[in-house]
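Below are the chains, spelled out letter by letter.
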Protein chains: 4
Amino acid sequence: MTVGIGLAGLGRMGRVHARSLRGGCTEAHLACVYDADPAAAEFGVPWAASFAELLDRCDAVAIATPTAAHAELTVQAAESGKPVFCEKPLSLVRESAVAAVEACAAAGVALQVGFHRRFDPDWVAAAARIHAGELGQVQLFRTSLRDMDPPDPAFLAGSGGFFADMTVHDLDAARWLCGEVASVTAHGAAIDPAFAEYDDIDTAVVVLRFVSGALGVIDNSRSARYGYECSTEVMGTLATARIDAPHPRGLEWRSRGGAVRGFARDFEERFPFAYVAELDAFARCVRDGTPPRVTGHDALVASDLAAAATESWRTGRTVSLEVPA
Amino acid sequence: MTVGIGLAGLGRMGRVHARSLRGGCTEAHLACVYDADPAAAEFGVPWAASFAELLDRCDAVAIATPTAAHAELTVQAAESGKPVFCEKPLSLVRESAVAAVEACAAAGVALQVGFHRRFDPDWVAAAARIHAGELGQVQLFRTSLRDMDPPDPAFLAGSGGFFADMTVHDLDAARWLCGEVASVTAHGAAIDPAFAEYDDIDTAVVVLRFVSGALGVIDNSRSARYGYECSTEVMGTLATARIDAPHPRGLEWRSRGGAVRGFARDFEERFPFAYVAELDAFARCVRDGTPPRVTGHDALVASDLAAAATESWRTGRTVSLEVPA
Amino acid sequence: MTVGIGLAGLGRMGRVHARSLRGGCTEAHLACVYDADPAAAEFGVPWAASFAELLDRCDAVAIATPTAAHAELTVQAAESGKPVFCEKPLSLVRESAVAAVEACAAAGVALQVGFHRRFDPDWVAAAARIHAGELGQVQLFRTSLRDMDPPDPAFLAGSGGFFADMTVHDLDAARWLCGEVASVTAHGAAIDPAFAEYDDIDTAVVVLRFVSGALGVIDNSRSARYGYECSTEVMGTLATARIDAPHPRGLEWRSRGGAVRGFARDFEERFPFAYVAELDAFARCVRDGTPPRVTGHDALVASDLAAAATESWRTGRTVSLEVPA
Amino acid sequence: MTVGIGLAGLGRMGRVHARSLRGGCTEAHLACVYDADPAAAEFGVPWAASFAELLDRCDAVAIATPTAAHAELTVQAAESGKPVFCEKPLSLVRESAVAAVEACAAAGVALQVGFHRRFDPDWVAAAARIHAGELGQVQLFRTSLRDMDPPDPAFLAGSGGFFADMTVHDLDAARWLCGEVASVTAHGAAIDPAFAEYDDIDTAVVVLRFVSGALGVIDNSRSARYGYECSTEVMGTLATARIDAPHPRGLEWRSRGGAVRGFARDFEERFPFAYVAELDAFARCVRDGTPPRVTGHDALVASDLAAAATESWRTGRTVSLEVPA
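The structure displayed is predicted, hence computed values, not measured ones.

Trainee: Can you help me understand the relation of the copies chain D and chain A in this one?
Mentor: Each copy of the sequence occupies a distinct position, and chain D is placed on chain A by a rotation of 180° and an axial shift of 0.0 Å, giving an RMSD of 0.0 Å. What we have between these two chains is a two-fold relation. By C-alpha distance to the rotation axis, the residue of chain D lying nearest is Arg317(D), at 3.7 Å. Most of the interface of chain D is mirrored in chain A, where 100% of its interface residues are also at the interface.

Pasting the structure below:
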């Protein structure tokens, strides 16, 4: 009765989705897994020998493979008529991402991209009130996304760079909450020189100018050290929404040294509901034929903004976006 | 592969457990339901025509029927060799509760009682550090349990009274965190006179003296109005553990009137993990044959403490408990 | 133009008042000091050789000597026609306290007693809203007063015991916020056996029943260890006021171990405004001839409640108060 | 015995200082005031008919007149040998500011400029730990300064513009906490078109690149609406210092709508200690002949940074600063 999801890829995000589908989701279940590594067998569901077999054994697919395969598998799924949930980014190559979006549109299958914040209860509640006008006119958008510890440099090489890998989440949130972005100015630094060796950075500040005239600012870091942080503030002329709750647990330990509360270590601990909710929402789209809340178009625009940020960082210039009339 | 739970009763707590078993639990699944009301069919699992049939179709049972049937169904399950998760209280009649505990012991089946706080991550973390000695000697235990709005008086009639229905959760938490209780002094008030008509109260303060010499204090209310509250503090000679996080969501709405954060409305919103975790823990006991973290004995002692509180409230005297050597 | 205060006693509280009068108060200034110890000279104001001389050189007196002299000096000041601010308690002997109150009444001079919480902006704001009816009917009063570290045992001997020395502040706050108290039940423990040697305790829980029917609970400790705590909650049928802000400073230090915020060490750090405000308020009474916000009568009733708590602790019985019609 | 301050100017900041000097400061007192408006008489201290007379009647001066007179009065005071506390900015004209700084240096009198955050206990504590190396290498500086409601446009005309009037405080804090700034990129918006009419803005985001390689970001607004905000975060490789405590009072009002805590309305409510502490610190410099913690040089550099921000905003380009070797 619930939607059977075929899961491709059992890396970190694949395992997050597997857990959601096996405990958490009420609208979807894990129907089958496909991964080059036979350890996939541990999940106690059928193991497909190929992506084609996976498509045969599910109602819809969730793609969490390495990025390089995202677009191709999305196209393949679309051609089989299966709705697609795909981790971001669709592709590091714009043409491939466009092709994937177009394939889904041509086949008439839903395509949802993994911007989980769109499904977290805090952001959902803020968005609902902002979109209802309770905040008035947006004046300033501010958000911080910071990892606790930097990833392995080997991962970085295939990530598409800092802005495509990390900032893209904030860029999507910015558009969602405050509307289209007119220009991007990005500043980066490699506090840890290891990042410079990969021609990459570990710290960035990105300034946005929205079409509405409002300003936005994003700060990102690969190594906040104290924990994982994802906090957002939207300041309007009537009110300000602020999500700034980095403590996943309510226990405070008090001693002579002060009151201590722990931080979330990573996105899984910070977003206990969002990863479940995004798959349940996807399952409802599959079941009811309704469009997803975050689409292939959203993914393309977020990627374009990340590319603009990259260009701005490299050139030291503000990059304007063409905003469709 | 996961443990198949037969769920008896689909009232409020039954529905909480059904949701956990259908989305949340990773060690247990909903195998079958039994309820006098055929609406049970909505859960998409087999519907048993009798409790006996339920027992046949599951690995273990979760009993969430009205209280009057708890003990008898527990005995019946034990005699069928099925492990039992039973909502509190086992019975309003001490002898029946004892009989249920003894039936499970005789049959060698696990009996776990629904004190969910024992499975909430905050309380679990506090207990672990307290039991490891990090807090030193306990000096003071303080806890608040408050409902947002009072229940329907019709419910009250069968609840066993304020202390058995409400305070019992705090009494169990007190023993778990601070050891056995030597005496109880209870004070009650019916702020809303409707409660006095049922010879009951809606507000209470209960003072505990632990065998260790420490003091404890519980405050309870049926109608905090602002929201549901469950907060606990244990003050030791080295440190103090404090769990006081009534806001389930991290969104703060700022305007001229101040910063506003919402409260949990009820225990479901306050304890997003505990109800899932208690059933997963029960499933592990069933699978591995290990004893539950909260036993029938714990349930009996908590009920005895609630009875002592009731007696103290009625007599205006401190009631001492016999503590086994 | 501001009121010249003669300060008697330069122990801990005397020094707090001296600082307020020399930097903080805008309605009062330090006119003269009197203390057996000539170190008083450090304050850069005239030093009186006797209390009589002090009276000659000021508009009003603040008495912060050891308790034993409070009542006698109050009488002496009243007889000289000087308004009196006196640290609590007026006396450990009820008759002396009554005599002091009566002397001030007979002389027509203002007598204000040092319950500083009545002048702290948080409590003042809460009281104003409670008294205006915004909270509805009071259901529950709860307060914690805890020192960081225990005082020297030598101090204890002259303190009048735990309830007279410590709980009395909470008893006054209870009456102020919630009205008269009908009965008191007190429980105490000497977690540190050194207190038992003085026939005293270091930890207490006191339950109040207000004339209104509401319940109240106070917890007190000589050694919270993590810091000084003074937190109060009043739960009403319409709203709940909660003052629970133990961190005097806004700096949070974040690292891998969590977010750390420091506690107030003592009442001076916890109440940066109250000690100044109480003397400014007293000065306004002196200048304008208006009655003080906290009177000798308030002090007597608070002392009676502390005596009732002491009796309850010793007898194990609830002690009822005679409440004037 | 305390330092007698002659106060010039009784506008908003002048009145803040007058209050500090009459109640708050322990090292300084208000000796005399000078203001074109005879209402100055209300402060109960001698009123000087001219700035020259003020200089005669004080140990040191505090200048809080309209900006246009700051530099000239500073020079006049220096030539009279009187130490100067001057509100920021020294002048809107760089040459005049330099002349004022040089006059003080030539006369050998202390010059302290009114960057109050340098004296707030939270920032002082953070700075001490950062400068001691506890935070490791600074990675990111982030700060928000926002007024609740915009000032009167008439004020704006003489303010030197947004960056000189508002951002300058954050620029000084940035240098103090993280070292010299290498470049500035500023973005501005006039959300309220009234600001555009004055060729000014009401919202800004300024990105800093420190000489150390770290990034910094400042957001500023004339109209946060919910309250006054001044929050700062410094993220290092070992720890992160965060000052984000916009609630001046500890009272939380709980009702069905959620928990409400009030914001500070303005800088006076947000900084109850800093304005007193900066004058006490100045008085100690006067008395002991030690250099001030924030100097004329600091004021010049902060003004240069504000000018760079203004230029960056106007040109859309990053502006580099010459940093002395």
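Trainee: When you look at the nonpolar core in this model, what are you seeing that I'm missing?
Mentor: Across soluble globular proteins, nonpolar side chains show a tendency to be buried alongside one another. Ranked by internal contacts, the top residues of the largest apolar core, which has 99 residues, are Phe51(D), Val61(D), Phe163(D), Leu177(D) and Leu208(D). When residues of this core are assigned to domains, at least three fall in each of domain 1 (3–109) and domain 2 (121–270 + 302–320) of chain D. Ignoring any residue separated from it by four or fewer positions in sequence, one finds Phe51(D) in contact with Ala8(D), Tyr34(D), Val61(D), Ile63(D), Leu73(D), Gln76(D) and Ala77(D). Counting 79 residues, the second largest nonpolar core, distinct from the first, contains Val16(A), Cys58(A), Val181(A) and Ala241(A).

Trainee: Looking at this structure, how should I read the packing of aromatic side chains?
Mentor: Each aromatic ring pair is described using two quantities: the centre-to-centre distance and the angle formed by the ring planes. Taken as a whole and judged by the stated rule, the model has 41 aromatic pairs over all chains. Between Phe273(A) and Phe273(B) the ring centres are 6.1 Å apart and the planes differ by 5°, which places this aromatic pair in the stacked class. Within this pair, whereas Phe273(A) is found in the loop between helix 9 (267–270) and helix 10 (274–288), its partner Phe273(B) is found in the loop between helix 9 (267–270) and helix 10 (274–288), the two belonging to separate chains. Take Phe273(A): its relative accessible area is 27%, and that puts it in the partly exposed class.

Trainee: Any chance you could explain the domain arrangement of chain A here in plain terms?
Mentor: When the parts of a complex come together, some accessible area is lost, and that lost area is often used as the size of the interface. All names here are of chain A. Split by domain assignment, chain A resolves into domain 1 (3–109) and domain 2 (118–270 + 302–320). For domain 1 versus domain 2, the separation of C-alpha centres amounts to 27 Å. Listed as interface residues are seven residues of domain 1 and, on the opposing side, eleven residues of domain 2. Roughly 750 Å² is buried in total at the junction of domain 1 and domain 2, and carbon and sulfur atoms are behind 46% of that figure. Contact with domain 2 buries surface across domain 1, with Arg 12, Lys 88 and Leu 92 losing the most and accounting together for 59% of the total. Linking domain 1 with domain 2 are five salt bridges, by the criterion used here. Two residues, Arg 12 and Asp 266, come together in a salt bridge whose shortest N-O distance is 2.8 Å. Between the two partners, domain 1 and domain 2, sit five residue pairs in polar contact (both at pLDDT 80 or more). A per-element tally of the side of domain 1 that touches domain 2 places helix 1 (residues 12–22) first, with four residues. In terms of residue class, the side of domain 1 that touches domain 2 is built from three nonpolar, no polar and four charged.

Cut-offs applied
- All residue numbers refer to positions counted from 1 along the written sequence of the respective chain.
- Think of it this way: whatever chain is written first is A, whatever ligand is written first is 1, and the rest follow in order.
- Local features in this predicted model are restricted to residues whose pLDDT is 70 or higher, and side-chain atom pairs enter the listing and the counts only when it is 80 or higher, whereas totals over whole chains, interfaces and linings include all residues.
- Computation of side-chain values: all heavy atoms of the structure, hydrogens and water removed.
- All copies are superposed by least squares; the fitting set is the C-alpha atoms of residues with a pLDDT of at least 70 in both.
- Contacts are residue-level and defined by heavy atoms, with any inter-residue pair within 4.5 Å sufficient.
- For this analysis, a nonpolar core means a set of buried residues of the types Ala, Val, Leu, Ile, Met, Phe, Trp, Tyr and Cys, connected via side-chain atoms within 4.5 Å.
- The buried label goes to any residue with under 20% of its type's maximum accessible area, the exposed label to any with over 50%, and the partly exposed label to all in between, with areas taken from a 1.4 Å probe on protein chains only.
- Domain segmentation is taken from an automatic or database assignment of domains.
- Centre distance within 6.5 Å is the pairing criterion for rings of Phe, Tyr and Trp, where only the six-membered ring of Trp is used; planes under 30 degrees apart are then read as stacked, over 60 as edge-to-face, and the remainder as tilted.
- Only runs of H or I of at least four residues qualify as helices and only runs of E of at least two qualify as strands under DSSP, and these elements are numbered from the N terminus.
- A simple way to read buried area is as the amount of 1.4 Å-probe accessible surface that goes missing from two parts once joined, with both sides added.
- For this analysis, a salt bridge means a side-chain nitrogen from Lys or Arg found within 4 Å of a carboxyl oxygen belonging to Asp or Glu.
- Distance and chemistry together define a polar contact, namely a pair of N or O atoms within 3.5 Å, with one atom able to donate a hydrogen and the other to accept it when in protein, and with adjacent residues in sequence counting only for side-chain atoms on both sides.
- Think of it as three bins: nonpolar holds Ala, Val, Leu, Ile, Met, Phe, Trp, Tyr, Cys and Pro, charged holds Asp, Glu, Lys and Arg, and polar takes everything else, Gly as well.

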